[in-house]
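# Commentary on secondary and tertiary structure
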Amino acid sequence: MEPVYHRLPVVDAGGMELHLPICDVGPGAPVFCVVAGIHGDEPSPLVLVDRLVVALRQREMRAAVRVVAAANMPALLERRRWSSWDDDDMNRIGDGDGGPSLTRRLAAAVVAACEGCTLAVNLHNFVMRTPLLAIQPPGQSADRQARHDAYLAALDPHVVWVFGDSADDVRAFRTSIDSAIEQRGADVLAVELSDLPDLDEPLMARGVSGLLRLAALCGAIDDHESPPKRNRVRIHRQLVRSPGAGIFEPLAALGGQVATGDVVGELIPLERPGARVPIRSPGAGWLIQRLERRFVRPGDMIFTVGEP
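Bear in mind the structure is a predicted one, so any value in this text is a computation, not a measurement. (Residues numbered from 1 in each chain as written. Predicted model: local features only at pLDDT ≥ 70, side-chain atom pairs only at ≥ 80, totals over all residues. Heavy atoms only, no water.)

### A short note on the side chain of E42
Mapping E42 onto the fold places it in the loop between β3 (30–35) and α1 (44–56). Relative accessible area serves as the criterion here: at 5%, E42 is assigned to the buried category. At a separation of 3.0 Å, a polar atom in the side chain of E42 contacts the side chain of R81. Ignoring anything within four residues of it in the chain, the contact list for E42 reads R81, H124 and N125. (Helix = DSSP H or I, 4+ residues; strand = E, 2+ residues; numbered from the N terminus. Buried < 20%, exposed > 50% of the residue type's maximum accessible area, 1.4 Å probe, protein only. Polar contact = N/O pair within 3.5 Å; in protein donor to acceptor, adjacent residues only side chain to side chain. Contact = heavy atoms within 4.5 Å.)

Below is the structure:
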């Protein structure tokens, strides 16, 4: 079925129209929504939703799938995490709370676009090389947890990043756009990918297959193939940042096990070539995410250890 492209008006200021681009595939009201482009420095989801729409065009549809492919167009055009027009983080302002800023109006439009769906998937990417990673938010009820487990089984991610249920974690989630969408009646599954240079074909294929299974679970298409019986790693994440400026040289294999103190990579200092600085694992677990060889500044993310 051919997609229908339309625009959800957001603001018309002095003759400048800003809209939210929407792509609907299938008959009737959408039951499944995929959101990409919340952050302007995360382009990988745009590739994945393109592949999803191409796949849906070849399917018999029972209900519509909605794709919000460029949720934060101003930030995407600037290639910045958030728009310089207001410096609001769209992922951390809920439904915009009726605010007049551009990003808050866009957030309200994204939440409205997801309303009426059974499930919305919020796609992001890390700068580090990352497997298909789903996020388990804090403070879930037993019913919500059971539905979330069914979504995870359909998506078939490599890794599930489990947040704690501390008051700070719950408070942070309540300010998110995911929480605002859930308050309108749709479940939300947040998913992370690799950055665009590291987004390879196997990862994209696994992501598209997972999204098709989620579409089937929501009743938009006939049952897609069952996910393979694979183990999913559930982890708490320890993020390691660069201690200085220079070139990060990765040494440990992505996905491999590391022990506390293992050397994961080295930093070639900006001003002292040859004086390499070993960077060690802070704990035991799996090397879930890792930067490729790249120039880094102090505080840049370089790898993540997933503790079971």
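Right, picking up where we left off after that structure.
### Details of the layout of surface pockets
In this approach the atoms are scanned with a rolling probe the size of a water molecule, which exposes any empty space left behind. Counted as a void, the largest pocket has a volume near 770 Å³. As for the largest pocket, its lining consists of 35 residues, and the residues nearest its centre are H39, R81, N91, R92 and E192. Put simply, the parts of the chain that give the lining of the largest pocket at least two residues each are β5 (119–125), α5 (167–174), α6 (177–183), β8 (187–193) and β9 (233–241). When residues in the lining of the largest pocket are grouped by element, the largest group, four residues, is from β8. In the lining of the largest pocket, the residues fall into 15 nonpolar, six polar and 14 charged. (1 Å grid on protein atoms, 1.4 Å probe; cavity = no way out; pocket = protein on both sides within 12 Å on 5 of 7 lines; lining within 4 Å. Points joined across faces, edges and corners; volume = space filled by probe spheres on them. Nonpolar A, V, L, I, M, F, W, Y, C, P; charged D, E, K, R; others polar.)

### As for the nonpolar core
For soluble globular proteins, nonpolar side chains are generally found buried alongside one another. Ranked by size, the top nonpolar core spans 42 residues in total, and within it F32, L56, L119, V121, L189, L211 and L214 carry the most contacts. It is helix α7 (residues 201–217) that provides the largest number of residues to this core, a total of eight residues. Among residues more than four places away in sequence, those in contact with V121 are F32, C33, V34, V35, L189, V191, L211 and L214. Counting 27 residues, the second-largest nonpolar core is a separate cluster that includes L20, L102, V110 and A186. (Core = buried A, V, L, I, M, F, W, Y, C linked by side-chain atoms within 4.5 Å.)

### Overview of the pattern of salt bridges
Within the structure shown, the criterion is met by 23 salt bridges. Among the ionic pairs, R184 bridges to E115, the shortest N-O distance being 3.1 Å. Highlighted residues: R184 in the loop between α6 and β8 and E115 in the loop between α3 (102–114) and β5, separated in sequence by 69 residues. The exposure class assigned to E115 is partly exposed, which follows from its relative accessible area of 43%. Of the charged contacts in the structure, one is a salt bridge between R234 and D149, with a shortest N-O distance of 3.4 Å. A residue pair is termed long-range when its members are at least 10 positions apart, and R234 in strand β9 and D149 in helix α4 (residues 142–155) qualify at 85 residues. (Salt bridge = Lys/Arg side-chain N within 4 Å of Asp/Glu carboxyl O.)

### Regarding the pairing of strand β4 (residues 64–68)
Successive side chains on a regular strand alternate, one facing one side of the sheet and the next facing the other. The element β4 is largely enclosed, with a buried count of five among its five residues. Where burial is concerned, the two faces of β4 agree: the one with A64, R66 and V68 and the one with V65 and V67 are both buried. Note that β3 and β4 share five bridges and pair parallel. By the bridge assignment for β4, F32 is matched with V65. (Pairing = 2+ DSSP bridges.)

### Section: the sheet that holds strand β13 (residues 277–280)
Picture the strands of a sheet paired through backbone hydrogen bonds; they go either parallel or antiparallel. One open sheet accounts for four strands, arranged β13-β12-β10-β15; its pairing is antiparallel. At either margin of the open sheet sits one strand with a lone partner, and together these are β13 and β15 (294–296). Each adjacent strand pair in this sheet contributes to an overall mean axis angle of 35°, direction not counted. Strand direction decides the pairing type here: strand β10 (residues 246–250) and strand β12 (residues 263–269), joined by five bridges, are antiparallel. (Axes fitted to C-alpha atoms, helices over the stretch in contact; angles between N-to-C directions.)

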